[in-house]
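Here's the letter readout for the chains.
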Amino acid sequence: MQQHLTRIEQANLIAGHAVSYATAYLDGRHTAQQLADNADRLFLDLLVISTPETSTFLVPVQLLAVAMMRTARCHQDIGQWPSREDRWQAVLGSLVELVTNESRQLAKDRA
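Thresholds applied
Residues numbered from 1 in each chain as written. Predicted model: local features only at pLDDT ≥ 70, side-chain atom pairs only at ≥ 80, totals over all residues. Heavy atoms only, no water. Core = buried A, V, L, I, M, F, W, Y, C linked by side-chain atoms within 4.5 Å. Buried < 20%, exposed > 50% of the residue type's maximum accessible area, 1.4 Å probe, protein only. Helix = DSSP H or I, 4+ residues; strand = E, 2+ residues; numbered from the N terminus. Contact = heavy atoms within 4.5 Å. Salt bridge = Lys/Arg side-chain N within 4 Å of Asp/Glu carboxyl O. Expected span 1.5 Å × (residues − 1). Arc of directions from axis to C-beta.

## Quick notes on the nonpolar core
In terms of nonpolar packing, the biggest core is built from 29 residues, with Val61, Leu64, Met68 and Leu92 touching the most fellow members. When residues of this core are traced back to their parent elements, those giving at least two are helix H1 (7–26), helix H2 (32–49), helix H3 (55–76) and helix H4 (82–110). Of the residues forming this core, the biggest block, nine residues, is contributed by H1. Beyond its immediate sequence surroundings of up to four residues, Leu92 is in contact with Ala22, Tyr25, Leu26, Leu35, Leu64, Ala67, Met68 and Thr71.

The structure is reproduced here in structure tokens:
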């Protein structure tokens, strides 16, 4: 028996991937290049999944993807902007928390 995920379930799965990618970087398990590659992947996934049903839920995920890209970019320029990466990492951590909370709320609302 084959089951298909609804758009909102797919969006929630992408949100989980975004949190996983960002957390892996923040924990030191991924490099800045891996963070940038994962952000690129997320941007493509978000283009495919964006519908009126998912658009509101995906805003924090889109913000997280942008923060991932900016954090990776700041890491490349670390010699010039040493404190900038720290600020972007703080933003990244806050957005991880936001996406996680939104995902949990979505699950509660759908239950």
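## Digging into the pattern of salt bridges
Applying the stated rule across the entire model yields one salt bridge. Where Asp27 meets Arg29, a salt bridge forms, and the shortest distance between an N and an O atom there is 3.2 Å. Exposure remark for Arg29: the relative accessible area of 54% places this residue in the exposed category.

## Structural notes on H2
End to end, H2 covers 25 Å across 18 residues, agreeing with the expected 26 Å (1.5 Å per residue, within 8%). Regarding H2, the residues found buried are Ala32, Leu35, Ala36, Asn38, Ala39, Leu42, Leu46 and Ile49. Axial view of H2: buried residues confined to an arc of 165°, hence all on one face. Facing away from the buried side of H2 by over 90 degrees, the exposed positions are Leu44, Leu47 and Val48.

Nothing here speaks to function; it is geometry throughout.
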